[in-house]
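Reading the structure
Here are the chains, one letter per residue:
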Amino acid sequence: DCVSAVPSWGGNIDTTTLVGGIRYTLQGGSSMTCRASYLAGMSVQNVVSITSGDARYIDNYIWGQQLSRSGMFVGNVDNLQIIGNHFFRGGDSTAPDAAHSITMYYDTVGTKGGLTIVGNSFDHSGGAHVRIRLFTSGTLLRGVLIANNHGYQNEFTPDGTMPWMDITTEAGTVLTGLSVTGNTGRG
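Quick summary incoming for the structure in this document. (Residues numbered from 1 in each chain as written. Predicted model: local features only at pLDDT ≥ 70, side-chain atom pairs only at ≥ 80, totals over all residues. Heavy atoms only, no water.)

1. Some words on the nonpolar core
Rule in force here: Here, nonpolar core refers to any group of buried Ala, Val, Leu, Ile, Met, Phe, Trp, Tyr and Cys residues whose side-chain atoms link them within 4.5 Å. Residue exposure (1.4 Å probe, protein chains only): buried if accessible area is under 20% of the type maximum, exposed if over 50%, otherwise partly exposed. The criterion used for residue contact is that any of the two residues' heavy atoms lie within 4.5 Å.
Ranked by size, the top nonpolar core spans 34 residues in total, and within it Y57, M72, L80 and M104 carry the most contacts. Residues in contact with M104, not counting those within four places in the same chain, are V74, L80, I82, L115, I117, R131, I132 and R133.

2. Thoughts on the sheet that holds strand β8 (residues 55-58)
Operational definition: Strand pairing requires that DSSP identify at least two bridges connecting the strands. Every helix listed is a DSSP run of H or I at least four residues long, and every strand listed is a run of E at least two residues long, numbered separately from the N terminus. Lines fitted to C-alpha atoms define the axes, with helix axes restricted to the stretch in contact, and inter-axis angles between N-to-C directions lie between 0 and 180 degrees.
Sheet architecture is open: seven strands sit in the order β2-β5-β8-β11-β14-β17-β20, paired in parallel fashion. In this open sheet, the two edge strands, each paired with only one partner strand, are β2 (11-14) and β20 (174-181). Taking each pair of neighbouring strands and ignoring which way they run, the sheet shows an average axis angle of 5°. In terms of strand pairing, strand β14 (residues 110-118) meets strand β17 (residues 139-147) through eight bridges, oriented parallel. Following the sheet pairing, I117 is matched in β17 by I146.

3. Details of the environment of N85
For the record, the criterion: Whenever two N or O atoms come within 3.5 Å, that pair is a polar contact, provided that in protein one can donate a hydrogen and the other can accept it, and provided that, for residues adjacent in sequence, both atoms are side-chain atoms.
As for its placement among the helices and strands, N85 is situated in the loop between β11 (80-83) and β12 (86-88). Distance from N85 to S121, taken between C-alpha atoms, is 6.4 Å for residues 36 residues apart in sequence. N85 has contacts with Y57, I58, D59, N60, G119, N120 and S121, leaving out every residue within four places of it along the chain. Only 3.4 Å separates the side chain of N85 from the backbone nitrogen of D59, close enough to count as a polar contact.

Spelled out as structure tokens, the structure:
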């Protein structure tokens, strides 16, 4: 069981297994890579929580918990690559504002950018598979690529309208350079 794993300030994580416990957090730094790892079954918080820095998540299996918000929760991050991962069960499908496979939360005034979400599979999410929120006036998110992902059964649909992807900008925020292409979904 992993109570809390907090790699920070760069480094590489390869073929690592973190099962159970509370959360797995990338606190910050630069040039963090997590590859071919199994991150599963966290009980209360988000399975992966990234708070700052540059990071790459490649070919991992991220198995969501039942009780929280997201398989991967990201706040105010530059240059994040999420490539070829398998997300399964983003969270509780019965809760209001149910869990999402990936949640991006930007509320920092200034420019952020370099977000790549490519070639992932999303299976059985509680909410939208990919969710991006820009909250604070003066926030600019630039250079976002969401391509060739496959989503299956995002199941929390209280009114039958939960989208596959949910991107929202509040007043005074700007999202520019957005490319969404080649994504498929069913169920």
